[in-house]
Amino acid sequence: MTLKGALTWISTGGGGLLIGAALGLLMTVAFEDPLKKLLQGVRRRSRVLRSRRRTPNASGFEFGGATSPCMIVAGDGTEAIKEELVHLVVSDEPIELPAELAAWRSEIAAEEQARKTSGSPHHWNGDCFAVEKLVEERTARDEEVEIFLHLRRTDYYSFLASQHLDRRFRDGTTPRSRYIDPVGHRRAPVFMSLSLGTSVLVITTDNHVLICQRGPDVGSRPLHWGVSADEGLSARLDSPSGLPPRIHAAARRGLCEELSLEDHEYRLALLGFTIDTERHQWDSVFVAYAHDLSSEQLDRRLQRSGKDRGLEIESWEFVPFTVRSVLQRLHGGWPTRAWTPVAPVALYLALVHEYGRWRVERLARNHSKRLRR
(Lines give C-alpha, C1' and ligand atoms only; values in the text may rest on other atoms or scores of the structure.)
Protein backbone atom coordinates (compact mmCIF):
# COMPACT_ATOMS: atom_id res chain seq x y z
CA MET A 1 0.00 0.00 0.00
CA THR A 2 1.36 3.41 -0.96
CA LEU A 3 1.79 6.18 1.61
CA LYS A 4 -1.10 8.10 0.06
CA GLY A 5 -3.35 5.06 0.27
CA ALA A 6 -2.40 4.42 3.88
CA LEU A 7 -3.27 8.00 4.85
CA THR A 8 -6.59 7.72 3.04
CA TRP A 9 -7.40 4.44 4.83
CA ILE A 10 -6.57 6.02 8.22
CA SER A 11 -8.59 9.20 7.68
CA THR A 12 -11.69 7.74 6.02
CA GLY A 13 -11.70 4.01 6.44
CA GLY A 14 -11.68 1.42 9.15
CA GLY A 15 -8.25 2.54 10.30
CA GLY A 16 -9.68 5.81 11.53
CA LEU A 17 -12.29 3.95 13.51
CA LEU A 18 -9.71 1.66 15.08
CA ILE A 19 -7.37 4.49 15.99
CA GLY A 20 -10.26 6.58 17.36
CA ALA A 21 -11.42 3.70 19.50
CA ALA A 22 -7.89 3.13 20.80
CA LEU A 23 -7.45 6.80 21.67
CA GLY A 24 -10.86 6.86 23.36
CA LEU A 25 -9.92 3.86 25.47
CA LEU A 26 -6.64 5.49 26.47
CA MET A 27 -8.41 8.75 27.41
CA THR A 28 -10.99 6.88 29.48
CA VAL A 29 -8.35 4.95 31.39
CA ALA A 30 -6.18 8.03 31.89
CA PHE A 31 -8.95 10.36 33.05
CA GLU A 32 -11.59 8.09 34.60
CA ASP A 33 -10.46 8.51 38.22
CA PRO A 34 -9.80 12.28 38.00
CA LEU A 35 -13.18 12.82 36.35
CA LYS A 36 -14.93 10.74 39.01
CA LYS A 37 -13.21 12.73 41.76
CA LEU A 38 -14.11 16.01 40.07
CA LEU A 39 -17.78 15.02 39.78
CA GLN A 40 -17.84 13.82 43.39
CA GLY A 41 -16.33 17.12 44.50
CA VAL A 42 -18.93 19.08 42.55
CA ARG A 43 -21.72 17.03 44.09
CA ARG A 44 -20.32 17.50 47.60
CA ARG A 45 -19.98 21.24 47.06
CA SER A 46 -23.53 21.39 45.75
CA ARG A 47 -24.83 19.61 48.87
CA VAL A 48 -22.94 22.05 51.11
CA LEU A 49 -24.33 25.06 49.27
CA ARG A 50 -27.87 23.69 49.44
CA SER A 51 -27.44 23.06 53.16
CA ARG A 52 -26.21 26.61 53.70
CA ARG A 53 -29.20 27.99 51.84
CA ARG A 54 -31.52 25.88 53.97
CA THR A 55 -30.15 26.96 57.32
CA PRO A 56 -28.38 30.34 57.78
CA ASN A 57 -25.28 29.41 59.73
CA ALA A 58 -22.66 32.03 59.00
CA SER A 59 -21.30 34.63 61.41
CA GLY A 60 -23.51 37.18 59.63
CA PHE A 61 -27.04 35.75 60.08
CA GLU A 62 -29.69 37.15 57.72
CA PHE A 63 -33.43 36.71 57.97
CA GLY A 64 -35.77 38.67 55.75
CA GLY A 65 -33.37 41.59 55.47
CA ALA A 66 -32.60 41.64 59.21
CA THR A 67 -28.95 40.85 59.90
CA SER A 68 -27.37 39.76 63.14
CA PRO A 69 -23.84 38.89 64.34
CA CYS A 70 -24.84 35.37 65.31
CA MET A 71 -24.25 31.84 64.01
CA ILE A 72 -26.17 28.61 64.48
CA VAL A 73 -23.93 25.88 65.91
CA ALA A 74 -26.44 23.03 66.23
CA GLY A 75 -30.12 22.52 65.46
CA ASP A 76 -32.16 23.94 62.59
CA GLY A 77 -35.60 24.43 64.13
CA THR A 78 -37.35 21.67 62.19
CA GLU A 79 -37.22 19.20 65.10
CA ALA A 80 -36.80 19.84 68.80
CA ILE A 81 -33.71 18.39 70.47
CA LYS A 82 -34.97 16.00 73.11
CA GLU A 83 -34.16 16.82 76.72
CA GLU A 84 -32.81 13.35 77.43
CA LEU A 85 -30.40 13.68 74.48
CA VAL A 86 -28.63 16.79 75.81
CA HIS A 87 -25.68 15.91 78.03
CA LEU A 88 -23.66 18.54 79.92
CA VAL A 89 -20.26 17.18 80.91
CA VAL A 90 -18.43 19.32 83.48
CA SER A 91 -14.68 19.19 84.08
CA ASP A 92 -13.20 20.51 87.32
CA GLU A 93 -9.96 21.46 85.59
CA PRO A 94 -9.46 25.18 86.40
CA ILE A 95 -9.40 27.78 83.64
CA GLU A 96 -6.31 29.97 83.62
CA LEU A 97 -6.63 33.40 82.02
CA PRO A 98 -3.63 34.77 80.11
CA ALA A 99 -1.75 37.35 82.20
CA GLU A 100 -3.22 40.43 80.51
CA LEU A 101 -6.80 39.13 80.72
CA ALA A 102 -6.19 38.26 84.38
CA ALA A 103 -5.10 41.88 84.97
CA TRP A 104 -8.32 43.11 83.37
CA ARG A 105 -10.29 40.79 85.63
CA SER A 106 -8.60 42.31 88.69
CA GLU A 107 -9.57 45.79 87.47
CA ILE A 108 -13.19 44.70 87.11
CA ALA A 109 -13.23 43.15 90.60
CA ALA A 110 -11.89 46.41 92.09
CA GLU A 111 -14.43 48.52 90.17
CA GLU A 112 -17.37 46.36 91.23
CA GLN A 113 -16.23 46.41 94.86
CA ALA A 114 -16.01 50.21 94.72
CA ARG A 115 -19.56 50.40 93.34
CA LYS A 116 -20.81 48.10 96.06
CA THR A 117 -19.09 50.17 98.78
CA SER A 118 -20.65 53.37 97.45
CA GLY A 119 -24.10 51.81 97.25
CA SER A 120 -24.22 51.95 93.44
CA PRO A 121 -25.59 49.16 91.21
CA HIS A 122 -22.93 46.49 90.85
CA HIS A 123 -22.39 42.92 89.64
CA TRP A 124 -21.47 40.18 92.07
CA ASN A 125 -19.01 37.50 91.07
CA GLY A 126 -21.09 34.35 90.71
CA ASP A 127 -19.79 31.00 89.53
CA CYS A 128 -20.76 30.09 85.97
CA PHE A 129 -19.74 27.75 83.16
CA ALA A 130 -17.45 28.02 80.15
CA VAL A 131 -17.98 26.05 76.95
CA GLU A 132 -14.98 23.93 76.02
CA LYS A 133 -16.63 22.27 73.02
CA LEU A 134 -19.93 21.07 71.60
CA VAL A 135 -20.18 17.64 70.01
CA GLU A 136 -23.21 16.81 67.87
CA GLU A 137 -23.95 13.16 67.14
CA ARG A 138 -26.84 10.99 65.95
CA THR A 139 -28.43 8.22 67.97
CA ALA A 140 -27.79 4.75 66.57
CA ARG A 141 -31.41 3.67 66.51
CA ASP A 142 -33.41 6.68 65.28
CA GLU A 143 -30.63 9.04 64.09
CA GLU A 144 -31.93 11.80 66.34
CA VAL A 145 -29.72 14.74 67.26
CA GLU A 146 -27.74 14.14 70.44
CA ILE A 147 -25.69 16.93 72.01
CA PHE A 148 -22.66 16.67 74.31
CA LEU A 149 -21.64 20.02 75.81
CA HIS A 150 -18.27 19.93 77.54
CA LEU A 151 -18.10 22.63 80.22
CA ARG A 152 -15.55 24.05 82.64
CA ARG A 153 -16.22 26.10 85.78
CA THR A 154 -15.45 29.81 85.76
CA ASP A 155 -16.75 33.06 87.31
CA TYR A 156 -18.62 36.17 86.20
CA TYR A 157 -15.71 38.62 86.49
CA SER A 158 -13.61 36.42 84.22
CA PHE A 159 -16.50 36.48 81.76
CA LEU A 160 -16.64 40.27 81.89
CA ALA A 161 -12.89 40.48 81.27
CA SER A 162 -13.18 38.24 78.21
CA GLN A 163 -15.88 40.53 76.80
CA HIS A 164 -13.37 43.30 76.04
CA LEU A 165 -12.74 41.74 72.63
CA ASP A 166 -11.47 44.92 71.01
CA ARG A 167 -9.41 46.32 73.89
CA ARG A 168 -5.74 46.44 72.94
CA PHE A 169 -2.96 44.50 74.60
CA ARG A 170 0.48 46.02 75.00
CA ASP A 171 1.58 44.71 71.60
CA GLY A 172 -1.39 46.34 69.84
CA THR A 173 -3.37 43.14 69.28
CA THR A 174 -6.79 42.51 70.75
CA PRO A 175 -8.45 39.40 72.23
CA ARG A 176 -10.51 39.18 69.04
CA SER A 177 -7.52 39.28 66.69
CA ARG A 178 -5.34 37.06 68.88
CA TYR A 179 -7.74 34.33 69.97
CA ILE A 180 -10.88 34.24 67.80
CA ASP A 181 -11.06 32.92 64.27
CA PRO A 182 -13.66 35.14 62.52
CA VAL A 183 -15.00 32.09 60.64
CA GLY A 184 -14.51 29.25 63.10
CA HIS A 185 -15.76 30.72 66.39
CA ARG A 186 -16.15 27.20 67.75
CA ARG A 187 -12.35 26.83 67.76
CA ALA A 188 -11.73 29.70 70.21
CA PRO A 189 -9.86 28.75 73.42
CA VAL A 190 -12.00 27.93 76.41
CA PHE A 191 -10.95 31.08 78.32
CA MET A 192 -12.72 33.12 75.61
CA SER A 193 -15.95 31.05 75.88
CA LEU A 194 -16.92 31.91 79.43
CA SER A 195 -20.69 32.01 79.14
CA LEU A 196 -23.58 29.70 78.31
CA GLY A 197 -27.08 31.11 78.35
CA THR A 198 -30.66 30.13 77.62
CA SER A 199 -32.95 32.23 75.42
CA VAL A 200 -36.66 31.38 75.45
CA LEU A 201 -39.51 32.65 73.28
CA VAL A 202 -42.98 32.27 74.79
CA ILE A 203 -45.94 31.62 72.47
CA THR A 204 -49.36 32.31 74.00
CA THR A 205 -52.59 30.42 73.30
CA ASP A 206 -53.83 33.22 71.01
CA ASN A 207 -50.65 32.78 68.92
CA HIS A 208 -48.62 35.80 70.02
CA VAL A 209 -44.92 35.81 70.79
CA LEU A 210 -43.59 37.81 73.73
CA ILE A 211 -40.55 40.01 73.07
CA CYS A 212 -38.87 41.95 75.87
CA GLN A 213 -36.52 44.89 76.27
CA ARG A 214 -33.63 44.16 78.60
CA GLY A 215 -33.21 46.24 81.74
CA PRO A 216 -30.77 49.17 81.94
CA ASP A 217 -28.53 47.51 84.54
CA VAL A 218 -28.05 44.03 83.07
CA GLY A 219 -24.45 43.03 82.39
CA SER A 220 -24.81 42.44 78.65
CA ARG A 221 -26.62 44.63 76.09
CA PRO A 222 -28.81 46.75 78.36
CA LEU A 223 -32.01 48.15 76.78
CA HIS A 224 -31.72 45.87 73.72
CA TRP A 225 -34.85 44.08 72.56
CA GLY A 226 -34.76 40.32 72.56
CA VAL A 227 -36.46 37.08 73.52
CA SER A 228 -39.09 36.54 76.23
CA ALA A 229 -36.61 35.39 78.89
CA ASP A 230 -32.87 34.76 78.96
CA GLU A 231 -30.78 33.31 81.72
CA GLY A 232 -27.14 32.36 82.18
CA LEU A 233 -26.22 29.01 83.68
CA SER A 234 -25.18 29.38 87.29
CA ALA A 235 -23.11 26.87 89.24
CA ARG A 236 -24.82 27.88 92.48
CA LEU A 237 -28.40 27.74 91.16
CA ASP A 238 -28.21 25.10 88.44
CA SER A 239 -25.63 22.79 90.00
CA PRO A 240 -26.01 23.17 93.79
CA SER A 241 -25.04 19.58 94.54
CA GLY A 242 -22.03 19.62 92.21
CA LEU A 243 -23.78 17.49 89.60
CA PRO A 244 -23.76 18.69 85.97
CA PRO A 245 -26.46 21.29 85.29
CA ARG A 246 -29.37 20.65 82.92
CA ILE A 247 -29.94 23.18 80.16
CA HIS A 248 -33.74 22.70 80.18
CA ALA A 249 -33.86 23.25 83.93
CA ALA A 250 -31.94 26.52 83.55
CA ALA A 251 -34.43 27.68 80.89
CA ARG A 252 -37.34 26.83 83.21
CA ARG A 253 -35.67 28.77 86.02
CA GLY A 254 -35.42 31.82 83.76
CA LEU A 255 -39.11 31.59 82.84
CA CYS A 256 -40.03 31.36 86.51
CA GLU A 257 -37.81 34.18 87.74
CA GLU A 258 -38.46 36.66 84.92
CA LEU A 259 -42.03 35.86 83.81
CA SER A 260 -43.49 34.00 86.85
CA LEU A 261 -44.30 30.97 84.68
CA GLU A 262 -44.53 27.60 86.41
CA ASP A 263 -43.30 24.40 84.76
CA HIS A 264 -46.80 22.96 84.26
CA GLU A 265 -48.00 26.05 82.35
CA TYR A 266 -46.08 25.43 79.13
CA ARG A 267 -44.38 22.89 76.87
CA LEU A 268 -40.66 23.57 76.37
CA ALA A 269 -38.73 22.71 73.19
CA LEU A 270 -35.00 23.16 72.56
CA LEU A 271 -34.38 24.24 68.96
CA GLY A 272 -30.65 24.92 68.73
CA PHE A 273 -27.37 26.35 70.00
CA THR A 274 -25.82 29.61 68.83
CA ILE A 275 -22.75 31.81 69.22
CA ASP A 276 -22.98 35.61 69.36
CA THR A 277 -20.03 36.36 67.06
CA GLU A 278 -19.75 39.98 68.17
CA ARG A 279 -19.03 39.08 71.81
CA HIS A 280 -18.43 35.35 71.49
CA GLN A 281 -21.22 34.25 73.81
CA TRP A 282 -22.75 30.77 73.62
CA ASP A 283 -26.52 30.42 73.87
CA SER A 284 -29.28 27.83 73.66
CA VAL A 285 -32.59 28.67 71.96
CA PHE A 286 -35.94 27.44 73.28
CA VAL A 287 -39.60 27.98 72.53
CA ALA A 288 -42.23 27.62 75.27
CA TYR A 289 -45.84 26.98 74.21
CA ALA A 290 -48.29 28.15 76.88
CA HIS A 291 -51.09 25.70 77.65
CA ASP A 292 -53.76 28.14 78.86
CA LEU A 293 -52.29 31.66 78.98
CA SER A 294 -53.35 34.23 76.39
CA SER A 295 -51.29 37.34 75.64
CA GLU A 296 -53.72 39.43 77.70
CA GLN A 297 -53.43 37.10 80.69
CA LEU A 298 -49.63 36.96 80.50
CA ASP A 299 -49.51 40.75 80.16
CA ARG A 300 -51.49 41.14 83.39
CA ARG A 301 -49.15 38.72 85.14
CA LEU A 302 -46.09 40.66 83.97
CA GLN A 303 -47.57 43.88 85.29
CA ARG A 304 -47.68 42.27 88.74
CA SER A 305 -43.93 41.59 88.36
CA GLY A 306 -41.93 38.43 88.80
CA LYS A 307 -38.91 37.77 91.00
CA ASP A 308 -36.42 39.30 88.55
CA ARG A 309 -38.79 41.04 86.14
CA GLY A 310 -38.00 44.54 87.42
CA LEU A 311 -34.26 43.91 87.16
CA GLU A 312 -34.10 42.02 83.88
CA ILE A 313 -36.97 43.50 81.81
CA GLU A 314 -37.56 47.18 81.04
CA SER A 315 -40.64 46.76 78.81
CA TRP A 316 -42.36 44.16 76.63
CA GLU A 317 -44.87 43.66 73.84
CA PHE A 318 -46.75 40.86 72.10
CA VAL A 319 -46.40 40.27 68.36
CA PRO A 320 -48.67 38.00 66.27
CA PHE A 321 -46.66 34.83 65.72
CA THR A 322 -46.74 34.81 61.94
CA VAL A 323 -43.81 35.12 59.54
CA ARG A 324 -44.97 38.46 58.13
CA SER A 325 -45.72 40.03 61.52
CA VAL A 326 -42.40 38.93 63.01
CA LEU A 327 -40.42 40.25 60.02
CA GLN A 328 -42.26 43.57 60.16
CA ARG A 329 -41.50 43.88 63.87
CA LEU A 330 -37.82 43.06 63.39
CA HIS A 331 -37.62 46.07 61.07
CA GLY A 332 -40.03 48.23 63.05
CA GLY A 333 -38.34 51.25 64.63
CA TRP A 334 -35.06 50.51 62.86
CA PRO A 335 -32.37 51.71 63.48
CA THR A 336 -33.40 53.17 66.85
CA ARG A 337 -34.54 49.79 68.16
CA ALA A 338 -31.52 47.60 68.90
CA TRP A 339 -31.90 43.83 68.98
CA THR A 340 -29.80 41.27 70.79
CA PRO A 341 -27.91 39.08 68.27
CA VAL A 342 -29.77 35.92 69.28
CA ALA A 343 -33.25 37.45 68.85
CA PRO A 344 -33.56 37.19 65.01
CA VAL A 345 -32.06 33.69 65.12
CA ALA A 346 -34.45 32.57 67.86
CA LEU A 347 -37.45 33.98 65.98
CA TYR A 348 -36.32 32.27 62.78
CA LEU A 349 -35.90 28.88 64.48
CA ALA A 350 -39.26 29.19 66.26
CA LEU A 351 -41.05 30.10 63.02
CA VAL A 352 -39.39 27.19 61.20
CA HIS A 353 -40.49 24.87 63.99
CA GLU A 354 -44.08 26.09 63.65
CA TYR A 355 -44.53 26.65 59.91
CA GLY A 356 -41.73 24.72 58.17
CA ARG A 357 -38.50 25.98 56.62
CA TRP A 358 -39.74 26.24 53.03
CA ARG A 359 -42.63 28.58 53.88
CA VAL A 360 -40.60 30.71 56.31
CA GLU A 361 -37.70 31.24 53.92
CA ARG A 362 -39.99 31.91 50.93
CA LEU A 363 -41.80 34.66 52.82
CA ALA A 364 -38.49 36.00 54.14
CA ARG A 365 -37.10 36.26 50.59
CA ASN A 366 -40.20 38.14 49.47
CA HIS A 367 -39.85 40.48 52.45
CA SER A 368 -36.21 41.18 51.55
CA LYS A 369 -37.19 41.99 47.96
CA ARG A 370 -39.81 44.50 49.11
CA LEU A 371 -37.26 46.20 51.36
CA ARG A 372 -34.84 46.64 48.45
CA ARG A 373 -37.40 48.34 46.21
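The rules behind the values
Residues numbered from 1 in each chain as written. Predicted model: local features only at pLDDT ≥ 70, side-chain atom pairs only at ≥ 80, totals over all residues. Heavy atoms only, no water. Helix = DSSP H or I, 4+ residues; strand = E, 2+ residues; numbered from the N terminus. Expected span 1.5 Å × (residues − 1). Buried < 20%, exposed > 50% of the residue type's maximum accessible area, 1.4 Å probe, protein only. Arc of directions from axis to C-beta. Contact = heavy atoms within 4.5 Å. Phe/Tyr/Trp six-rings, centres within 6.5 Å; stacked < 30°, edge-to-face > 60°. Pairing = 2+ DSSP bridges. Axes fitted to C-alpha atoms, helices over the stretch in contact; angles between N-to-C directions. Core = buried A, V, L, I, M, F, W, Y, C linked by side-chain atoms within 4.5 Å. 1 Å grid on protein atoms, 1.4 Å probe; cavity = no way out; pocket = protein on both sides within 12 Å on 5 of 7 lines; lining within 4 Å. Points joined across faces, edges and corners; volume = space filled by probe spheres on them. Nonpolar A, V, L, I, M, F, W, Y, C, P; charged D, E, K, R; others polar. Parallel < 35°, antiparallel > 145°, perpendicular 65-115°, else oblique. Salt bridge = Lys/Arg side-chain N within 4 Å of Asp/Glu carboxyl O.

### Re helix H3 (residues 99-118)
At step 1: Taking 1.5 Å of rise per residue, 20 residues should cover 28 Å, and H3 covers 29 Å from first to last C-alpha, within 8% of that figure.
At step 2: Here H3 has its buried residues at Glu-100, Leu-101, Trp-104, Ile-108 and Glu-112. Buried residues in H3, looked at end-on, bunch into an arc of 115°, giving them a common side. Structural note: H3 exposes Ala-99 and Thr-117 on the side pointing more than 90 degrees away from its buried face.
At step 3: Buried residues in H3 make contact with helix H4 (156-162) and helix H5 (175-179).

### Observations concerning the packing of aromatic side chains
At step 1: Taken as a whole, this structure holds seven aromatic pairs when the rule is applied.
At step 2: Seen from their ring centres, Trp-104 and Phe-169 are 5.1 Å apart, and the 15° between their planes marks the pair as stacked. Taken together, the positions of Trp-104 in helix H3 and Phe-169 in the loop between H4 and H5 put the pair 65 residues apart, joining distant regions of the chain.
At step 3: Arranged with centres 6.4 Å apart and planes meeting at 80°, the rings of Phe-169 and Tyr-179 form a pair that is edge-to-face. Of this pair, Phe-169 sits in the loop between H4 and H5 while Tyr-179 is found in helix H5, placing the two residues ten residues apart along the sequence.
At step 4: For Phe-169, a relative accessible area of 6% puts it in the buried group.
At step 5: Site record: aromatic cluster; members linked through ring pairs are Trp-104, Phe-169, Tyr-179 and Phe-191.

### Section: the sheet that holds strand E5 (residues 127-138)
At step 1: Taken together, three strands build an open sheet; the order of strands is E4-E6-E5 and the sheet is mixed. Lying at the two open borders of the sheet, with one neighbouring strand each, are strand E4 (86-91) and E5. Across this sheet, the average inter-strand angle for adjacent strands is 25°, counted without regard to direction.
At step 2: With eleven bridges connecting them, E5 and strand E6 (residues 145-155) associate as antiparallel partners.

### Here's the deal with the nonpolar core
At step 1: Of all hydrophobic cores here, the largest spans 42 residues; its most connected members are Leu-149, Leu-255, Leu-259 and Phe-273.
At step 2: Ignoring sequence-local partners within four residues, the contact set of Phe-273 consists of Met-71, Ile-72, Val-73, Ala-74, Ile-81, Val-86, Leu-134, Ile-147, Leu-149, Asp-283 and Ser-284.
At step 3: Counting 36 residues, the second largest nonpolar core, distinct from the first, contains Leu-271, Val-323, Tyr-348 and Val-360.

### Description of empty space enclosed by the protein
At step 1: For the structure shown, the criterion picks out one cavity of 30 Å³ or more.
At step 2: Along its surface, the largest cavity is lined by Cys-212, Gln-213, Arg-214, Gly-226, Val-227, Ser-228, Ala-229, Asp-230, Glu-258, Glu-312 and Ile-313.
At step 3: If you list the elements that add at least two residues to the lining of the largest cavity, you get strand E8 (208-214) and strand E10 (229-232).
At step 4: The dominant element in the lining of the largest cavity, judged by the number of residues it contributes, is E8, at three residues.
At step 5: By residue class, the composition of the lining of the largest cavity is four nonpolar, three polar and four charged.

### Here's the deal with the packing of helix H10 (residues 323-331) against helix H11 (residues 342-355)
At step 1: It is at 11 Å that the axes of H10 and H11 come closest, and there the two elements cross at 175°. When the interaxial angle is binned, H10 and H11 end up roughly antiparallel. Contacts between H10 and H11 involve Val-323, Val-326 and Leu-330 from the former and Pro-344, Leu-347, Leu-351 and Tyr-355 from the latter.
At step 2: Considering only residue class, the contact of H10 with H11 consists of seven nonpolar, no polar and no charged.

### Considering H11
At step 1: A rise of 1.5 Å per residue sets the reference length of H11, with its 14 residues, at 20 Å; its end C-alpha atoms lie 20 Å apart and thus fit the reference within 8%.
At step 2: Taking burial as the measure, the 14 residues of H11 include eleven buried ones, the bulk of the element.
At step 3: Burial in H11 covers these residues: Val-342, Ala-343, Pro-344, Val-345, Ala-346, Leu-347, Tyr-348, Leu-349, Ala-350, Leu-351 and Val-352.
At step 4: At the exit of H11 stands Gly-356, carrying a positive phi of roughly 95°.

### Observations concerning the pattern of salt bridges
At step 1: Applying the stated criterion to the full structure yields 24 salt bridges.
At step 2: Between Arg-357 and Asp-76 there is a salt bridge whose closest N-O contact spans 3.3 Å. Highlighted residues: Arg-357 in helix H12 (residues 357-372) and Asp-76 in the loop between strand E3 (70-74) and E4, separated in sequence by 281 residues.
At step 3: Among the ionic pairs, Arg-152 bridges to Glu-93, the shortest N-O distance being 4.0 Å. Taken together, the positions of Arg-152 in strand E6 and Glu-93 in the loop between E4 and H3 put the pair 59 residues apart, joining distant regions of the chain.
At step 4: Connected through shared salt-bridge partners, Glu-100, Arg-170, Asp-171 and Arg-178 make up one network.

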